[in-house]
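The lines below spell out each chain.
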Amino acid sequence: MNAYTKSVLAMLTEKYPWEKEYIQSVAEVFKSIAPVLDSNPEYQNNRILEQLVEPDRTISFRVPWKDDQGRIQVNTGYRVEFSNVLGPYKGGLRFHASVTQSIIKCLGFEQIFKNALTGLLLGGGKGGSDFNPRGKSDNEIMNFCQSFMLELSRHIGASTDVPAGDIGVGTREIGYLFGMYRRITKSFKGVLTGKGITWGGSYLRPEATGYGIVYFAEELLKNVEDDIEGKTVTVSGFGNVAWGVVKKVNELGGKVVTLSGPDGFIHDPEGITGEKVDYMLKLRLSGNDVVKDYADKFNVDFYKDQRPWVIPCDIAFPCATQNELDLDDAKALVKNNVKCLVEGANLPVTLEGMEFLEKSDIMYAPAKACNAGGVACSCFEMAQNATFMNWTEEEVDNRLHQVMKHIHDQCYETSCEFNKKGNYIFGANVAGFRRVADAILDQGLS
Ligand code: GLU
């Protein structure tokens, strides 16, 4: 860090001492960008960092809803509209018991740079609620989504702010949210992405995040004239991102041997293929949030309250949640000669784990670069909605491939420009930051 980044971080820590996750995400970006700030004093003269760390607006609201017993429940909803210098605010909604304003700001800050890296016209935002979908009935989910949209509808719009899914929000929730938006506003617009294919969704949106992550891994391996075929792969999580990764790794001839949940992880040395991949969808829809059922059904080992990073592999894809891979996990992976670590979840590695991995010889790529395929496909959905047209699956896949290659090359070239060849964390932070900062400079006081 340099004096400028240190002073802005100190100001932020003093102002929001309780927003630990948010401050962690800012520190992570600031760690990389000092050389760019030093070589371009215009950024400091125009107080770009001060402008960036304060969202355009932070909306928080009450979400009252009725459960199946007729009792009134109250949750908190959030939408943080961080930056729209590069396009409409764009980012998912997370419904999870762990959601706080700090988590949403942390994810929203990341989203600005992730979206910038795609090269598309996408600003950064994030939202969600501390509503816990675990064990809720379909009716309760609908009640909650409708109440959430009653307030959210005041803030979003096809060219202002376009939310999508994230943890706890899939096609079903997007359906209930979209239906309520349509009723409130009397309009059918691409105001949410991740919609069902028959009512405005895009081909491959459910798979896009996972596929994009694997396309990024392919680009990494190409640098050493290698590919996915025959590789042993560990994956954490069992949700949408993990599912897309498993499908694409199988297609490319790799073998996925783990999945995890909040209850522990399963080890399936034969590989997660065929009906087991479909079972991942059933597990998710069951709403139980446990992976042990997989072990029971397919008769494989289950490791209660443990994480899959102790299992030897060539490529590791953490696809569950933030801070799910710590320093000890990172050491275990390196000890077992992992070749690549490709982040699927947002911010899955702790700061200590990250520092250790950056110093090791493995190819390590951060989520803001590798998991941008989801939001890129959301942008394709917006483009299709704006023209009332549908692209074919092949067209979407080609464009997704192009975006992932563009992100990879940008990160790699930026790392070389600053004599940090192959440091993708540095490359992603600097390339993303430069695009946003330059747009702020071009457009004047933001
Ligand atoms: N929640 C996803 C992400 O973290 C997708 C966001 C979107 O499609 O807007 O990037």
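Residues numbered from 1 in each chain as written. Predicted model: local features only at pLDDT ≥ 70, side-chain atom pairs only at ≥ 80, totals over all residues. Heavy atoms only, no water.

**Notes on the pattern of salt bridges**
One pass over the full model with this rule turns up 28 salt bridges. Note that E54 is salt-bridged to K15, the shortest N-O span being 3.3 Å. One end of the pair, E54, is in the loop between α4 (48-53) and β1 (57-66); the other, K15, is in helix α1 (residues 3-15), with 39 residues separating them in the sequence. Given a relative accessible area of 31%, E54 falls into the partly exposed group. The residue E395 makes a salt bridge to R399 at a minimum N-O spacing of 3.1 Å. In this pair, E395 and R399 both sit in helix α16 (residues 393-417), 4 residues apart, roughly one turn of the helix. Judged by its relative accessible area of 33%, R399 falls in the partly exposed class. (Salt bridge = Lys/Arg side-chain N within 4 Å of Asp/Glu carboxyl O. Helix = DSSP H or I, 4+ residues; strand = E, 2+ residues; numbered from the N terminus. Buried < 20%, exposed > 50% of the residue type's maximum accessible area, 1.4 Å probe, protein only.)

**Re the UniProt feature "binding site: NAD(+)" (unreviewed entry) in the chain**
Look at the UniProt record and you will see "binding site: NAD(+)" (unreviewed entry) annotated at T209 and N240. Across 32 residues of sequence, these annotated residues stay compact in space, with a maximum C-alpha separation of 8.2 Å. Within the secondary structure, T209 is located in helix α8 (residues 205-222). The exposure class of T209 is buried, given its relative accessible area of 9%. Residues contacting T209, with those up to four places away along its chain left out, are V241, N371, G373 and G374. Filtering out sequence-adjacent residues up to four positions away, N240 remains in contact with P206 and R284. Of note is the side chain of N240, whose polar atom sits 3.0 Å from the backbone oxygen of P206. (UniProt positions renumbered as here; feature names shortened; annotations may be inferred. Contact = heavy atoms within 4.5 Å. Polar contact = N/O pair within 3.5 Å; in protein donor to acceptor, adjacent residues only side chain to side chain.)

**Some points on the UniProt feature "binding site: substrate" (unreviewed entry) in the chain**
Under the UniProt annotation, "binding site: substrate" (unreviewed entry) lies at K90, Q111, K114, G165 and S378. Inspection of the secondary structure puts K90 in strand β3 (residues 89-95). Among the residues examined, K90 registers a relative accessible area of 0% and is labelled buried. Judged by relative accessible area, K114 falls into the buried class, the value being 6%. Beyond its immediate chain neighbours, meaning those up to four positions away, K114 contacts N346, K368, N371, A372 and V375.

**Examining the sheet that holds strand β8 (residues 258-261)**
The strand order β8-β9-β10 describes an open sheet built from 3 strands, whose pairing is antiparallel. The open sheet has two edge strands with one neighbour each: β8 and β10 (301-304). Strand-to-strand twist in this sheet, taken as the mean axis angle between neighbours without regard to direction, amounts to 20 degrees. Here strand β9 (residues 264-267) pairs with β10 via 4 bridges, running antiparallel. Each residue of the ladder has a partner; that of H267, found in β10, is D301. (Pairing = 2+ DSSP bridges. Axes fitted to C-alpha atoms, helices over the stretch in contact; angles between N-to-C directions.)

**Section: the pairing of strand β2 (residues 72-83)**
Across 10 bridges, β1 lies against β2 in antiparallel orientation. Residue pairing in the sheet places F61 in a bridge with G77 of β2. Between β1 and β2, which pair antiparallel and follow one another directly, the connecting turn spans 5 residues, one of which, G70, has a positive phi of 80 degrees.

**Section: the sheet that holds β1**
Sheet architecture is open: 5 strands sit in the order β1-β2-β4-β3-β5, paired in mixed fashion. Each having just a single partner strand, β1 and β5 (161-164) make up the two edges of the open sheet. Along the sheet, successive strands turn relative to each other by an average axial angle of 20 degrees, direction set aside. Its contacts with the sheet place helix α5 (residues 101-117) against β1, β2, β3 and β4 (124-129), and it is angled at close to 150 degrees to β4.

**Topic: unusual backbone geometry**
Of note, the phi angle at L204 is positive, near 70 degrees, even though the residue is not glycine. Along the chain, L204 turns up in the loop between α7 (171-185) and α8. Since its relative accessible area comes to 8%, L204 is described here as buried. Backbone geometry places L347, a non-glycine residue, at a positive phi of 50 degrees.

**Structural notes on helix α15 (residues 373-386)**
Look at α15: 20 Å from first C-alpha to last across 14 residues, which is about the 20 Å you get at 1.5 Å a residue. Counted residue by residue, α15 has 12 buried out of 14 residues, so it is predominantly covered. Within α15, burial applies to G373, G374, V375, A376, C377, S378, C379, F380, E381, M382, Q384 and N385. Tucked inside the fold, the buried residues of α15 contact β3, α5, β5, α8, α14 (367-370) and α16. (Expected span 1.5 Å × (residues − 1).)

**Let's talk about the side chain of N2**
If you trace the backbone, N2 turns up in the segment before α1. Overall, the relative accessible area of 12% leaves N2 in the buried class. Side-chain polar atoms of N2 contact the side chain of T5, separated by 2.8 Å. Polar contacts involving the side chain of N2 include one to the side chain of D38, which spans 2.9 Å.

**Comments concerning the environment of T160**
Counting through the fold element by element, T160 comes out in the loop between α6 (138-152) and β5. When its relative accessible area of 39% is taken as the criterion, T160 is described as partly exposed. In this structure, the C-alpha to C-alpha distance between T160 and V191, residues 31 residues apart in sequence, is 8.8 Å. Ignoring any residue separated from it by four or fewer positions in sequence, one finds T160 in contact with P88, Y89 and H155.

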